Amino acid sequence: MASDVIYVTYDEPTISARQNKWRKRNEGKINIFGQIHRWNAIKEEAGLTKHVDVAKLLLDRYYERTGKQFASTPICGSISVTARNVPAPIVSDIESDKGGSSATISCMSGVENIGSDTLSAVESDYVRTKLTLDVSFDQEAESDQGSSDGYDDDVIQDPDYEPSVAVTLCEGINGDEVGYGSEENGEEEEERGSESDTNEMSGAEDNTDDNLEDGLNNISSAEDIEHLVDGQFCITYLNQLLVLAKSIPIPVCCVEDCIGPVKVESKFRGSALYLQWVCPKGHLSHKWCSQPLLNKGVSSGDLLCAAALLMSGNNFDKVSLFAKMLNLKILSQNVYSRMQRIYVIPAIDEFWIDHQRELIEKYQEIDVVLLGDGRMDSPGHSAQYCSYSFMENESKEVLSLTTVDKRETDKKSCNMEKKGFQRGICELKDGGLKMSEIATDAHPQISAEMKSKHPEIKHSFDIWHCSKNLARKIVKAGQQKECRSLQKWTKHITNHFWYCCNTASSELEFRGMWGGLIHHVVNEHEWALDIGIEGSNRCHHDPLAETTEADRDREWLEKGSKAHQALRNIVFDSRFLKKIPYYLNARVTGELEMFQSKILQYAGKRFAYSPPVYRARNRLAALDHNIHFNRPYKRDNKGEIMHKRVNNKKSGRWMVSPLKVDKTYPHIRPLKIAVVNKRLVDRQGMYRKREMEANDPRRISANLALVEPPPVSVLLEQQVSRTQ
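Residues numbered from 1 in each chain as written. Predicted model: local features only at pLDDT ≥ 70, side-chain atom pairs only at ≥ 80, totals over all residues. Heavy atoms only, no water.

Asks: Tell me about the sheet that holds strand β13 (residues 458-461), residues and numbers included.
Replies: The pairing of strands in a sheet comes from backbone hydrogen bonds and takes either a parallel or an antiparallel form. Ordered by their spatial adjacency, 5 strands build an open sheet running β11-β10-β9-β12-β13, and the pairing between neighbours is mixed. Single-partner strands in this sheet number two, and they are β11 (398-405) and β13. Taken pair by pair, the neighbouring strands of this sheet meet at an average axis angle of 25°, ignoring direction. Where strand β9 (residues 367-376) and strand β10 (residues 385-392) come together, 7 bridges link them in antiparallel fashion. Bridging from a neighbouring strand, Leu-370 pairs with Glu-392 of β10. Here helix α13 (residues 416-430) sits on the sheet and contacts β9, β10, β11 and β12 (434-440); the angle it forms with β11, its principal contact strand, is near 140°. Where helix α22 (residues 590-602) meets the sheet, its contacts fall on β9, β10 and β11, and the angle it forms with β9 comes to roughly 40°. (Pairing = 2+ DSSP bridges. Helix = DSSP H or I, 4+ residues; strand = E, 2+ residues; numbered from the N terminus. Axes fitted to C-alpha atoms, helices over the stretch in contact; angles between N-to-C directions. Contact = heavy atoms within 4.5 Å.)

Shown next as structure tokens:
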């Protein structure tokens, strides 16, 4: 086969117990995929009873026709040899071993010389050799072809051609185990997924009829990818498809001298449906797949389903249960996990990195004000992940989003927010961003970090968090019997705090406005400046009416009462007054809090994720926010903004919120294109050894427990039920 080149790849010497199980189970199996009907027809016509006899017959005829002898080269180590169609000059000629012995053949070689020096580096008990053959069973056609390899020249020159028979020969071959695809091993198909070297239901081409229309659509160009991701999916019943398939005018077999009736056979691989029209003798007249195919026969629908499942923030268990209730065929969890890890997550990471680079370049020429806050993946001190976000104050775009695993902080959840803050600052500084101010909550570790490591950047506190703490203190003080009247002032005191933050330009001015609160609550709106405080000596509000409904709802406090004294202690709290400089710029992180709530759509707190998956889901939330935050409002026929009513469950008050136009998710299309491209350029396939990233927290510790887990047998012995 002068136009085939043999690619040799070495398997890892160390394999998992599960992989070892499947490998031993598949020893000696020969997969001929769509050629099973022709194989069985030859077996029946020749009167043979075993598959090994059919293989011997065909191989003998092949070597008789080519005039070459089979050369056996003992090989040590585990190798995988796959035939690919490439230009002929790269390939070395097949050498005949005239002095070869008739010893038992344990592995196939002789297609290309393989030096022993190349193979000595790999040690394993398994020898696997893959090659591709195309064998014609018609004696007349065989004698007319005149070519030693039996290939059509037009087919050989096609760069996209894949041979129609894929044969895998291993040590300990048992001809009785030859099967059709993976039908004999349905459990393996469920566990290992739907990837194969060729199409499981049929080969890339069938030689029975050169004019046979191929119903398999293969994705190979950029235009094909665009049509694929822009195409529409639909749900249909299998019986309806079979009715349509039987209406195709193929009444009898298309092979010459065969007039057998044709029947339609169906088979599912993942979410893809395969149909083929076959006569009783096994001749294939037509074939069709419900989905376009990617390289190595992977269904495009499975890949796009895996991408859409992650990009929409769903979980496989829920989608799988939905499909089970509907009796809908989808990909297995094993295939989903591999596609997610190898294709979808890398595409999301690369897209986010490019998006983040564009944002940083956009703000490099100005001094930006950032809003920062951390979010734990679960409440309490048992969180595993912390997501720390930095948002630009004016545009509300998320510029940085880093995730921290508990294992990176000595398994201490309380240190994760500081770690995330440090990573985010370094990431933005390395990108060339100039930061003039950063607003966060009053986290003591971050405050110390800003003072010691970033003194050139002004640090501000979020006034919403402070007002919430003030309200909590007032409510707590008002729970005492003598201070009940103080609770009705909670909303007005917090509103006054917001007014001071937005109005005061210096710490002394803030103190004067804030200290006037203790006079206002006792109905004193002008007072003497006897405490050396700069500013006005009167309230800033307009003159109050003698009787108003608001005054009747809340009584004036009695000067010097316990309620008045409790309020004085809150207003002039020394710790609070020291933080006044952090509130003068009136920074609010409300939009950042809203973004963090959006992360719940992609990474819920009730689910567990691996570090790469959690990072990717957070980045999807950031992309969703940045792209859709500034979308326009909905308007009615008169051009006015539409609103909806919202009830506050805590206060019981009704509010109105403006409606925005529906989201369009423009970033999903390029993400899906990137996922498909990653699959098309992949030469290793999905079933490769899992390798963690260099900075994966699982390299630090395999689990989150403070102590290593004992064996299961020990735990079973120690476990005692309280009910027994």
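On we go from here.
Asks: Outline the nonpolar core, listing residues and values.
Replies: Most often, soluble globular proteins have nonpolar side chains that are buried together. Grouped together as the largest cluster of nonpolar side chains are 51 residues, with contacts concentrated most on Met-311, Met-339, Phe-595, Val-675 and Val-676. In terms of residue count, the dominant contributor to this core is helix α12 (residues 333-362) (10 residues). Those residues in contact with Val-675, other than ones at most four positions away along the chain, are Leu-303, Ala-307, Met-311, Tyr-343, Val-344 and Ala-347. Membership of the second largest hydrophobic core comes to 34 residues, among which are Cys-483, Leu-557, Ala-566 and Tyr-582. (Core = buried A, V, L, I, M, F, W, Y, C linked by side-chain atoms within 4.5 Å. Buried < 20%, exposed > 50% of the residue type's maximum accessible area, 1.4 Å probe, protein only.)

Asks: Give a detailed account of the pattern of salt bridges, specifying residues and quantitative values.
Replies: If the charged atoms of two oppositely charged side chains come close together, the side chains can form a pair. Scanning the entire structure with this criterion turns up 21 salt bridges. The structure contains a network of salt bridges with shared partners spanning Asp-349, Arg-615, Arg-619 and Glu-693. (Salt bridge = Lys/Arg side-chain N within 4 Å of Asp/Glu carboxyl O.)

Asks: Run through helix α14 (residues 444-453), naming residues and quoting values.
Replies: Of all the residues in α14, the buried ones are Ile-446, Ser-447, Glu-449 and Met-450. All buried residues of α14 lie within an arc of 160° about the axis, which places them on one face of the element. Opposite the buried face of α14, by more than 90 degrees, sit the exposed residues Pro-444 and Lys-451. Along its buried surface, α14 packs onto β10, α13, β12 and β13. (Arc of directions from axis to C-beta.)

Asks: So what about the environment of Ser-387? Which residues, and what values?
Replies: Among the secondary structure elements, Ser-387 is positioned in strand β10. Taking C-alpha positions, Ser-387 is 5.1 Å from Arg-375, a pair spaced 12 residues apart along the chain. Aside from chain neighbours lying at most four places away, what touches Ser-387 is Asp-373, Gly-374, Arg-375, Leu-401, Thr-402, Thr-403, Gln-596, Tyr-614 and Asn-618. Within the structure, Ser-387 has its side chain in polar contact with the side chain of Tyr-614 (distance 3.1 Å). (Polar contact = N/O pair within 3.5 Å; in protein donor to acceptor, adjacent residues only side chain to side chain.)

Asks: Kindly report on the confidence of the model for the protein, identifying the contributing residues and their values.
Replies: Averaged over every residue, the pLDDT of the protein is 77; the share at 70 or more is 73%. Throughout residues 1-14 the model reports pLDDT below 50, and contacts reaching past four residues in sequence, or to other chains, amount to 53 contacts. pLDDT under 50 marks residues 72-213. Its contacts with residues more than four places away, or in other chains, come to 304 contacts. (pLDDT = per-residue confidence, 0-100.)

Asks: Give a description of unusual backbone geometry that names residues and reports values.
Replies: Within the chain, Lys-296 stands out as a residue other than glycine whose phi angle is a positive 60°. Inspection of the secondary structure puts Lys-296 in the loop between β8 (284-289) and α10 (300-311). You can call Lys-296 buried: its relative accessible area is 12%.

Asks: Let's hear about the pairing of strand β7 (residues 272-278): which residues, and what values?
Replies: The two faces of the sheet receive side chains in turn, since in a regular strand these alternate between them. Where burial is concerned, most of β7 is hidden: 7 out of the 7 residues are buried. In β7, alternate side chains face the same way, and those of Ala-272, Tyr-274, Gln-276 and Val-278 on one face and Leu-273, Leu-275 and Trp-277 on the other are all buried. Bridge analysis of strand β6 (residues 263-269) against β7 gives 7 bridges, and the strand direction is antiparallel. Bridged to Val-264 within β7 is Trp-277.

Asks: Kindly report on the packing of helix α2 (residues 36-45) against helix α3 (residues 51-66), identifying the contributing residues and their values.
Replies: Close contact between α2 and α3 brings their axes to 10 Å; oriented N to C, the two are set at 95°. Taken together, the axes of α2 and α3 are roughly perpendicular relative to one another. Contact with α2, carried on its side by Trp-39, Asn-40, Ile-42 and Lys-43, involves His-51, Val-54, Ala-55, Leu-57 and Leu-58 of α3 and no other residues of that element. A breakdown of the residues in the contact of α2 with α3 according to their chemical character gives 6 nonpolar, 2 polar and 1 charged. (Parallel < 35°, antiparallel > 145°, perpendicular 65-115°, else oblique. Nonpolar A, V, L, I, M, F, W, Y, C, P; charged D, E, K, R; others polar.)

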